[in-house]
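Each chain, letter by letter, is given below.
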Amino acid sequence: MELFQQTMMLFILFLVLVLVHCENPYRFFTWNVSYGTIWPLGVPQEGILINGQFPGPQIDSVTNDNLVINVFNNLRQPFLITWNGVQHRKNSWEDGVLGTNCPIPPGKNFTYKFQVKDQIGSYYYFPSTLFHKAAGGFGGLTIASRPLIPVPYPPPDGEYTLLIGDWYKRNHSELRRRLDKGIPLGIPDGVQINGLGGSSRPSFNVDGGKTYRLRISNVGLSTSLNFRIQGHNLTLVEVEGSHTVQSTYDSLDIHVGQSYTVLITTNQPPKDYYIVASTRFVKPVHAGIGLLHYSNSNQSASGRFPPGPPRRIEWSLNQARTIRWNLTASAARPNPQGSYHYGSINVTRTIILSNSEVQIDNKQRYAINGVSYAQPDTPLKLADFYNISGVFALNSIPDHPTKGIQLQTAVMSGDYKTFVEIVFTNHEKTIQSWHLDGYSFFVVGMDRGRWSPASRKSYNLFDAVYRCTVQVYPRSWTAILTSLDNAGMWNIRSASWERQYLGQQFYLRIFGGYNPRDEYSVPLNALKCGKAKGYHTSGQRTTLTDEWSSTM
């Protein structure tokens, strides 16, 4: 008997050592968030700095890394950061939006803990509360492939992250007050590249005869941008976690909230070349200018800025249709919908979402299917976990457009592991951009006019790109397919932050039963606010502290 016990102890010790050795790496970060003076358009403004930086520090990680980010809030207001495009498998607790997290109070801290599970690609983070996004606080987030996973292009000689976006000269607090009064933001005042605009131009140093990877994200508030480099072509290789067919472009339309990875070859005479990010489909046109600087250059950039593409919607629409999934490339999660192709999976539900510009109490609001989102004081995720009533009602937003307008804390339920079709319809004159937290989806179709069941005949069911943010052109539609295989409470929103702030969002509740196999339990460090104050933090889905049961 003693020999058996010793053998079992040795076996258990062996298993522990194996598990410790095989655990994925941890990367630790400490961030201090504060206000400081920034000059994105040559005008001093109060901006949000992270560790004194604008933009904030970049997170570089590898597939399946565990990220631990301790955020200290030194602002005057509550603060949250969301991780645009990071899927948080089984873990919407770390999503960093008001539906899933209490904001970090001034003078306090919160530690995000999540794994970049089965992902690669270019992403970014940004503040999600109180219109802080208009003040900065954003930065790049990259996920590299594991060493044994081949990438479908030779290793580049270097890389840069470019965070481009529209910008307003008004202080973010003033912009928020305008929106609270129902006054639209209007046309932006300019475009920044990595925090610089106006007469300040960021410079990116390169050597001649080499290839560089550029990770480009539109971190702006509302405006589509066209990106181009004087005298150089852009070879698209990745979109929000998916390797793409390697098409070459003179310029790329990058809509608000989207991220692209391109390769450039420095095969031009040694000099400086203009980098341009200019606004699309708005007047007047604004541009942010950077410089591509060859290391042996003694000549400044000259000539006209490279012209942008035609202003026609059809040009941008046709370009979007050329972006396709690279089916021959390896990936962190090469077949995210199971053991067979997405075009063969049975669709069990069709959801049609229609955005609209509305007036409620004589104030500007935005709605989806007749519902303008009302922000509660309690995160929906906490209310769901602790069975707190009066915060939200399931299925308080319909699957299809309806007449009438209402304010509602809109939550739609979804059946776990079903495969659904979502059609975004846009009857307005402005371009829309949509983001789905916690998921990527196949962009199977987009076109002008109205969607109908006959539109499915035009769907790409072979190599549609798999991404997390997609545009819908004016008076047009875009259709996506996705598997609801990530349990949690997930935000579907307009990537236009004015529209999101004024109601163009809702939550999708995918219930996995709070089974550890399907969904993580509430974190031990979860902040409590609103009706969730006084609730005990544990792995159990129960009640208030004075009713707490010690059984586990």
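First things first, this report covers the structure right here in the doc. These numbers come from a predicted model, not from an experiment.

Once that is clear, we can look at unusual backbone geometry. Excluding glycine, most residues fall at negative phi; most peptide bonds, likewise, are trans. Between Phe 54 and the following residue, Pro 55, the backbone shows a cis peptide bond with an omega angle of -10 degrees. Mapped onto the elements, Pro 55 comes out in the loop between strand 2 (45-50) and strand 3 (59-62). Look at the link from Lys 283 to Pro 284: it is a cis peptide, with omega at -5 degrees. You can see Pro 284 is positioned in the loop between strand 19 (272-279) and strand 20 (287-294). One non-glycine residue, Lys 90, adopts positive backbone phi at about 60 degrees.

The subject of this paragraph is the pairing of strand 11 (residues 203-206). Each regular strand carries side chains that alternate between the two faces of the sheet. Burial of the side chains of strand 11 is restricted to one face: Phe 204 and Val 206 are buried, whereas none of Ser 203 and Asn 205 on the reverse face is. Taken together, the 4 bridges between strand 11 and strand 20 define a ladder with parallel strand orientation. Paired with Ser 203 across the two strands is Leu 291, which belongs to strand 20.

Before going further, it helps to examine the state of the cysteines. All chains considered together, the criterion is met by 1 disulfide. In this model, Cys 102 is linked to Cys 529 through a disulfide, with the two sulfur atoms separated by 2.2 Å. Taking the torsion about the sulfur-sulfur bond, which here is approximately -90 degrees, the covalent link between Cys 102 and Cys 529 counts as left-handed. On the criterion of sequence distance, the pair formed by Cys 102 in the loop between strand 5 (81-84) and strand 6 (109-115) and Cys 529 in the segment after strand 34 (505-510) is long-range, its members being 427 residues apart.

With respect to topology, 5 strands assemble into an open sheet ordered 11-20-19-13-17, the strand pairing being mixed. The open sheet is flanked by strand 11 and strand 17 (251-254), the only strands paired with a single partner. If you compare each strand with its neighbour and ignore which way they point, the axes differ by 20 degrees on average. Against the sheet, helix 3 (residues 313-321) contacts strand 13 (225-229) and strand 17, and its axis sits at roughly 95 degrees relative to strand 17.

Think of an α-helix as 3.6 residues a turn; residues three or four steps apart then line up on the same face. Along helix 3, the positions that sit buried rather than exposed are Ile 313, Ser 316, Leu 317, Gln 319 and Ala 320. All buried residues of helix 3 project into a common sector of 160 degrees when viewed along the axis, lining one side. Taken together, the buried residues of helix 3 touch strand 16 (248-249), strand 17, strand 29 (441-448) and strand 31 (469-472).

When you line up the elements, Gly 308 lands in the loop between strand 20 and helix 3. When the C-alpha atoms of Gly 308 and Ser 199 are compared, they prove to be 20 Å apart, with 109 residues separating the residues in sequence. With sequence-adjacent residues up to four places away left out, Gly 308 is seen in contact with Asn 226 and Arg 228.

Under the defined criterion, the tally for this structure stands at 26 aromatic pairs. Ring geometry for Trp 83 and Tyr 112: centres 5.1 Å apart, planes at 85 degrees, overall edge-to-face. Placement of Trp 83 in strand 5 and of Tyr 112 in strand 6 is noted, with a sequence separation of 29 residues between them. For Tyr 112, a relative accessible area of 0% corresponds to the buried category. Measuring from centroid to centroid gives 5.0 Å for Phe 110 and Tyr 112, while their planes differ by 85 degrees, and the two rings are edge-to-face. Aromatic ring contacts, followed pair by pair, group Trp 31, Trp 83, Phe 110, Tyr 112, Phe 114 and Tyr 125 into a single cluster. Stacked on the ring of Phe 126, the Lys or Arg Lys 133 has its end atom at 4.4 Å from the ring centre. Over the ring of Tyr 273 we find Lys 271; its NZ or CZ atom is 5.3 Å from the centre of that ring.

Attention shifts here to the sheet that holds strand 34. Spatially, the 6 strands line up as an open sheet ordered 24-26-34-33-28-31, and their pairing is mixed. In the strand order of this sheet, the two ends are held by strand 24 (393-394) and strand 31, each with one partner. In this sheet, strand 26 (residues 410-414) lies alongside strand 24 in parallel orientation, the contact comprising 2 bridges. Counterpart to Leu 394 in the pairing with strand 26 is Val 411.

Structurally, Arg 228 can be placed in strand 13. Although Arg 228 is buried, it makes no salt bridge; Asp 253 carries the closest opposite charge, 7.0 Å away. Polar side-chain contacts of Arg 228 include one of 2.7 Å to the backbone oxygen of Pro 306. For Arg 228, the side chain forms a polar contact with the main-chain oxygen of Pro 307, separated by 3.3 Å. Other than its neighbours up to four places away in sequence, Arg 228 contacts Leu 234, Asp 250, Ser 251, Tyr 274, Ile 275, Val 276, Ser 278, Pro 306, Pro 307 and Gly 308.

Our next topic: the side chain of Gln 115. With respect to the helices and strands, Gln 115 occurs in strand 6. Take Gln 115: its relative accessible area is 19%, and that puts it in the buried class. One polar contact links the side chain of Gln 115 to the main-chain carbonyl oxygen of Asn 64, over a distance of 2.9 Å. Look past the residues within four positions of Gln 115 in its chain and what remains in contact with it is Asn 24, Asn 64, Asp 65 and Asn 66.

For the structure on display, the rule yields 19 salt bridges. A salt bridge links Asp 485 to Arg 89; the nearest nitrogen and oxygen atoms lie 3.5 Å apart. On the criterion of sequence distance, the pair formed by Asp 485 in the loop between strand 32 (476-483) and strand 33 (488-494) and Arg 89 in the loop between strand 5 and strand 6 is long-range, its members being 396 residues apart. Here the two residues Asp 485 and Arg 89 agree in accessibility, since each one is buried. Ionic pairing is found between Lys 381 and Glu 519, a salt bridge with its closest N-O pair at 2.2 Å. Of this pair, Lys 381 sits in helix 4 (residues 380-385) while Glu 519 sits in the segment after strand 34, placing them 138 residues apart in sequence. Residue classification places Lys 381 among the buried residues on the basis of a relative accessible area of 1%. Members of the salt-bridge network, linked through shared partners, are Glu 159, Arg 213 and Arg 215.

Reading the values: rules and limits
- Counting restarts for each chain: residues are numbered from 1 in the order of the written sequence.
- The predicted nature of this model means local features are confined to residues of pLDDT at least 70 and side-chain atom pairs, given and counted, to a pLDDT of 80 or more, with totals for whole chains, interfaces and linings taken over all residues.
- Excluded from the side-chain calculations are hydrogens and water; all other atoms, namely the structure's heavy atoms, are used.
- Runs of H or I in DSSP of at least four residues are treated as helices and runs of E of at least two as strands, each being numbered from the N terminus.
- For the exposure calls, accessible area comes from a 1.4 Å probe over protein chains only, and a residue counts as buried if that area is under 20% of its type's maximum, exposed if over 50%, partly exposed in between.
- By the convention used here, strands pair only if DSSP detects at least 2 bridges between them.
- The disulfide criterion is simple: two cysteine sulfur atoms within 2.5 Å.
- To define axes, lines are fitted to C-alpha atoms, for helices over the stretch in contact only, and angles between the resulting N-to-C directions are given on a 0 to 180 degree scale.
- Residues are treated as being in contact if the distance between any of their heavy atoms lies within 4.5 Å.
- This arc corresponds to the set of directions leading from the helix axis out to the C-beta atoms.
- Any Phe, Tyr or Trp ring, taking Trp's six-membered ring, that has another such ring centre within 6.5 Å forms a pair; planes under 30 degrees apart are called stacked, those over 60 apart edge-to-face, and the others tilted.
- We call a charge positioned above a ring when the Lys NZ or Arg CZ atom is no farther than 6 Å from the ring centre and deviates by at most 35 degrees from the ring normal.
- His is not counted, nor are the chain ends, whereas Lys and Arg count as positive and Asp and Glu as negative.
- A pair is scored as a salt bridge if a Lys or Arg side-chain nitrogen falls within 4 Å of a carboxyl oxygen belonging to Asp or Glu.
- Between N or O atoms, a polar contact is any pair within 3.5 Å; within protein, one atom must be a potential hydrogen donor and the other a potential acceptor, and residues adjacent in sequence are included only when both atoms are from side chains.

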